[in-house]
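Observations on chain architecture
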Amino acid sequence: MNPRTTGVATEPGYTILENAALEGRNTFRVPARAEILIDVRRPEALAEVLAIPYVRNNPLLILGGGSNLLFTRDWSGTVVSVATHDIRIADDHGPAALVRVESGENWNEFVHWSLSHGFVGLENLVLIPGSVGAAPIQNIGAYGREVSQFIAVVEAWDRQAARLVQLDNASCRFAYRDSLFKHAPDRYVITAVEFLLPREGELRTDYAGIAEELVAMNCAATAATVAEAVARLRTRKLPNPALIGNAGSFFKNPVVAATVALELQREHPALPTWSAAEGARKISAAWMIEACGLKGARDGDAGVSDQHALVLVNHARATGAQVWALAQRVQAKVFERFGVMLEPEPIIV
Ligand SMILES: Cc1cc2nc3c(=O)[nH]c(=O)nc-3n(C[C@H](O)[C@H](O)[C@H](O)COP(=O)(O)OP(=O)(O)OC[C@H]3O[C@@H](n4cnc5c(N)ncnc54)[C@H](O)[C@@H]3O)c2cc1C
């Protein structure tokens, strides 16, 4: 088979598309094309797909829900989308269970599955877009929780060793919006994630308005009501990618030495900071962007959201290159005023 000459080819377990449009496959909804796009529907087909000579010898990008990347150009090579589905309890210990989830499952649907099966822990991570397979990549986090707290094992196809590997939690080197996988994008294709989910556990309600939302809802804190409170907060605060293209927070909150944070706070007493690793503090990127007068700024159809300064948006027909140019303008302004370089959270392609 020569994928270069194939328009559409459906094989058992996967489909190949040539010169495929990616606009509908990224939440920024910017235009881009892939020379070859392969949707892998069956786990056992992945090794076969990765062994196709064209795939092996050309650049490869793995795509989930496209909610954490920005296409600034077409992809000359192969884009592989892992569209495998299954959720099952692999091992039940009573107070906790090991739950195996295939990469193509939708993250938010899995959170709801976990709640409806009586597990606690993932409620603060409700409504984060994207796939389960991508969740470990940047160690998704929100409202005081990170997914790494619940990951037992990540199963991945190791392209270097050409075999499936099981990486335990420590091997994944999880950190704030970071993991081993972010540093080895050409090595691992995540095929499944095993979560260790407790049936009882402490709820996290002390973060960013959850407790107040529960009071407004007139509800006691349970995993289900915390999820509902977080969903309401997120819906109010974040622009909905179904209505306006975006990839959530475009910049990470910078982690700086505690002494630097203190100095910045002396100059800007309202700058919010949070504790991070020992001797370090996380500072608010949104606050700094807003202080530079950039909330709601617009360069053509590329904009900084007027709802949340950390979110860049595509008002209608922006290209990825235009969004990236605006991001660089934001970085330059924040650096000029605060001496801090903002780091993008999405992958820039
Ligand atoms: C409105 C909105 C809100 C958001 N809120 C949050 C939030 O609160 N917290 C948070 O952490 N993130 C948030 N995000 C970012 C995003 O939802 C997450 O990072 C999510 O995990 C990305 O999943 P995806 O399937 O869309 O990944 P993609 O965007 O498709 O891919 C992201 C990266 O992962 C790689 N990748 C994807 N799947 C695999 C795989 N199976 N194997 C190997 N590599 C893979 C890709 O190559 C790419 O480098 C938000 C995004 C949006 C649009």
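See the structure printed just above.
**Here's the deal with empty space enclosed by the protein**
Going through the model one piece at a time under the given rule, you end up with one cavity of 30 Å³ or more. Roughly 30 Å³ of internal volume is contained in the largest cavity. Taken together, Val40, Pro43, Leu46, Val82, Thr84, Glu102 and Thr191 make up the lining of the largest cavity. Here the lining of the largest cavity is composed, by residue class, of four nonpolar, two polar and one charged.

**Describing the pairing of strand 13 (residues 188-198)**
Two faces belong to every sheet, and in a regular strand the side chains alternate between them. Most of strand 13 is tucked away, with nine of its 11 residues classed as buried. With seven bridges connecting them, strand 8 (residues 96-102) and strand 13 associate as antiparallel partners. The partner of Leu98 across the bridge, within strand 13, is Leu196. Summarising the sheet, strand 11 (residues 151-158) and strand 13 pair through seven bridges and their orientation is antiparallel. Among the inter-strand pairings, Ala156 is bridged to a residue of strand 13, identified as Ile190.

**Observations regarding the sheet that holds strand 16 (residues 273-275)**
The strand order across the open sheet built from three strands is 15-17-16, with neighbouring strands paired in antiparallel fashion. Unpaired on one side and paired on the other, strand 15 (255-257) and strand 16 mark the two borders of the sheet. Each strand of the sheet is rotated relative to its neighbour by a mean of 40°, with strand direction disregarded. With three bridges connecting them, strand 15 and strand 17 (residues 280-283) associate as antiparallel partners. The partner of Val256 across the bridge, within strand 17, is Arg281. Its contacts with the sheet place helix 7 (residues 258-267) against strand 15, strand 16 and strand 17, and it is angled at close to 95° to strand 15.

**Describing helix 3 (residues 107-116)**
For helix 3, a buried count of seven out of 10 residues is recorded, marking the element as mostly surrounded by other parts of the structure. Turning to helix 3, its buried residues are Trp107, Asn108, Phe110, Val111, Trp113, Ser114 and Leu115. Residues of helix 3 that are buried make contact with strand 7 (87-92), strand 8, strand 13 and helix 6 (223-237). Capping the start of helix 3, Asn106 holds a side-chain oxygen 3.0 Å from the backbone nitrogen of Asn108, two or three residues further along. Residue Gly118 follows helix 3 closely and has a positive phi angle near 85°.

Scoring rules and cut-offs
- Residue positions are counted from 1 within each chain, in the order its sequence is given.
- Local features in this predicted model are restricted to residues whose pLDDT is 70 or higher, and side-chain atom pairs enter the listing and the counts only when it is 80 or higher, whereas totals over whole chains, interfaces and linings include all residues.
- Excluding hydrogens and water, the side-chain figures rest on all heavy atoms present in the structure.
- Here a cavity is any set of points on a 1 Å grid over the protein atoms alone where a 1.4 Å probe fits but cannot get out, and a pocket is any open set with protein on both sides within 12 Å along at least 5 of 7 lines; a residue lines the site when it has an atom within 4 Å of a point.
- Grid points are joined across faces, edges and corners, and a volume is the space filled by probe spheres set on the points.
- Basically, the charged four are Asp, Glu, Lys and Arg, the nonpolar ten are Ala, Val, Leu, Ile, Met, Phe, Trp, Tyr, Cys and Pro, and anything else, Gly included, counts as polar.
- The rule is simple: take the accessible area with a 1.4 Å probe, protein chains only, and divide by the maximum for that residue type; under 20% is buried, over 50% is exposed, in between is partly exposed.
- Runs of H or I in DSSP of at least four residues are treated as helices and runs of E of at least two as strands, each being numbered from the N terminus.
- Any two strands are treated as partners once DSSP identifies two or more bridges connecting them.
- What counts as an axis is a line fitted to C-alpha atoms, over the stretch in contact for a helix, and the angles between N-to-C directions run from 0 to 180 degrees.
- Contact definition: two residues touch when any of their heavy atoms are within 4.5 Å.
- Side-chain atoms alone can form a polar contact between residues adjacent in sequence; in general such a contact is a pair of N or O atoms within 3.5 Å, and within protein one must be able to donate a hydrogen while the other accepts it.

Limitation: the analysis is restricted to geometry and does not speak to function.
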